[in-house]
Amino acid sequence: MSMQDFFNSKLSVRFSILIGRYLPKKWGYGFGRLLGSLIGSVNQWDINQSIRLNQYVVQGEKLTRAELIQSTKNVLTHAGRCYYDLYHYIDKPKELNKLVPMTEQMEDFIQLSNQNQGYLVVAPHLSNFDLVVSRLVRGGFNGRVLSYPNPASGYQLQNEIRKSYGLKLSHLGDSGIEKEIIDYLKAGGVVATGVDRPVPRRKKRHYVNFFGRPSPLPLGYITTALAADVPIIVVTAYMLPDGRYGFKKSQPIHLREFDNKLENILRNAERVLEEIELFIKQTPEQWLMYYPAWPELLDTGL
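Description of the structure in this document.

Calculation criteria
- Residues numbered from 1 in each chain as written.
- Predicted model: local features only at pLDDT ≥ 70, side-chain atom pairs only at ≥ 80, totals over all residues.
- Heavy atoms only, no water.
- Helix = DSSP H or I, 4+ residues; strand = E, 2+ residues; numbered from the N terminus.
- Rg over C-alpha atoms; globule rule 2.2 N^0.38 Å.
- Buried < 20%, exposed > 50% of the residue type's maximum accessible area, 1.4 Å probe, protein only.
- Contact = heavy atoms within 4.5 Å.
- Areas by Shrake-Rupley, 256 points an atom, 1.4 Å probe, with all protein chains shown as cover.
- Pairing = 2+ DSSP bridges.
- Axes fitted to C-alpha atoms, helices over the stretch in contact; angles between N-to-C directions.
- Core = buried A, V, L, I, M, F, W, Y, C linked by side-chain atoms within 4.5 Å.
- Parallel < 35°, antiparallel > 145°, perpendicular 65-115°, else oblique.
- Nonpolar A, V, L, I, M, F, W, Y, C, P; charged D, E, K, R; others polar.
- Expected span 1.5 Å × (residues − 1).
- Arc of directions from axis to C-beta.
- Salt bridge = Lys/Arg side-chain N within 4 Å of Asp/Glu carboxyl O.

Of the regular secondary structure elements, the chain holds twelve helices and eight strands. For the chain, the C-alpha radius of gyration of 19 Å lies close to 19 Å, the compact-globule estimate for 302 residues. The dimensions of the chain, computed from C-alpha atoms along their principal axes, are 50 × 50 × 35 Å. Put simply, the chain has 302 residues, and 52% of those count as buried. Intrachain contacts of the chain at a sequence separation of at least 6 include 75% that bridge at least 24 residues. Summing over all exposed atoms, the chain offers an accessible surface of approximately 14,500 Å²; the carbon and sulfur share of this is 52%.

Right under this line is the structure:
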């Protein structure tokens, strides 16, 4: 079992839940810092190789080996903080409202989700997105979220938690889900999905430009938006310097027509990814992507 598989296991998620629910905040944050530093110190683990690779690219390909190791520890420490906050505050609405204060952008987004206009919403794995989404749902967000197909046991447990606070989940890969989602968007619904987890064994001609390098990122959301004729909005979570969490969104991206079907998909995906790049650059060590977005770089020894 790889370390990535272990962290996605039900055992790992249950352990995180126990820490979040029962440890006081001071101890929980301290434990997260310690664990992040310890895990980040084992250079040969696959999760650390992936984080180092991703941080190397998103931080301008300038970091030294020592700086990459420290950046990896920072990413994992931030992840520990996010997991603790998620499981500590998810069932405490009053405290959650203070940790994730409602902003004008959040109110605009909630209002948008309740209008009779379809939007496909996409997000990178930045910071404590689950906690921010729970705040949006409790604030009145109306829409569906597409989850990863064939989820590992840990993801399944996380999905149950997401459903517990009212999130409407649909599983990619389910029979008939593509047509159902397109019809839902055409009828004025809002659908959200993640778009920065690389796709294994992707053909090179389907790679897209991401931070100046070809990357095997998902493309299905573009075909869905094109079929439903709806714009795309990029949203993200981030941690503020005072430890609270914020929310940002882009302006609607209206998809364009290019020379052929493949160009329509690739070029429009790159327009969306340009917005995602801007968000990641603002807080690169809050990008919690544990899979290599540029797998060709794995052999470089980063």
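The strand order across the open sheet built from six strands is β3-β2-β4-β1-β7-β8, with neighbouring strands paired in mixed fashion. The sheet terminates laterally at β3 (168–171) and β8 (245–249), the two strands that pair on one side only. Neighbour-to-neighbour, the strand axes of this sheet turn through a mean angle of 30°, independent of strand direction. Across three bridges, the pairing between strand β1 (residues 119–123) and strand β7 (residues 232–239) is parallel. Counterpart to L120 in the pairing with β7 is I232. Most of the contacts of helix α10 (residues 177–186) go to strand β2 (residues 144–147), to which it runs at about 155°, and overall it touches β1, β2, β3 and β4 (190–194).

One finds V100, F109, L131, L136 and Y245 to be the most contacted residues of the largest nonpolar core, which totals 45 residues. At seven residues, helix α5 (residues 65–89) tops the list of elements feeding residues into this core. Not counting residues within four places of it along the chain, the set of residues in contact with F109 comprises V121, L136, F141, V235, F247 and K249. Grouped together as the second largest cluster of nonpolar side chains are 44 residues, L68, V191, L217 and W287 included.

Relative orientation of the contacting elements helix α4 (residues 46–58) and α5 amounts to 110°, with a least axis distance of 9 Å. Put simply, α4 runs roughly perpendicular to α5. Contact residues: α4 offers I47, N48, I51, R52, Q55 and Y56, while α5 offers R65, L68, I69, S71, T72, V75 and L76. Class assignment of the residues belonging to the contact of α4 with α5 gives a composition of seven nonpolar, four polar and two charged.

On to helix α2 (residues 10–22), then. In this model α2 runs 18 Å from its N-terminal to its C-terminal C-alpha over 13 residues, within 8% of the 18 Å that 1.5 Å per residue would give. The set of residues buried in α2 consists of S12, V13, S16, I17, I19 and G20. Projected down its long axis, α2 carries its buried residues within an arc of 165°, all on one side. Opposite the buried face of α2, by more than 90 degrees, sit the exposed residues L11 and Y22.

Below, the discussion takes up the pattern of salt bridges. Here the structure, examined in full by the defined rule, presents nine salt bridges. R244 serves as the salt-bridge partner of D242, at 2.8 Å between the closest nitrogen and oxygen. Between E263 and R267 there is a salt bridge, with its nearest N and O atoms 2.8 Å apart. You can see E263 and its partner R267 sitting in helix α12 (residues 261–282), four residues apart, about one turn around the helix. Owing to a relative accessible area of 24%, R267 belongs among the partly exposed residues under this scheme. Put simply, E263, R267 and E270 are held in one network by salt bridges that share partners.

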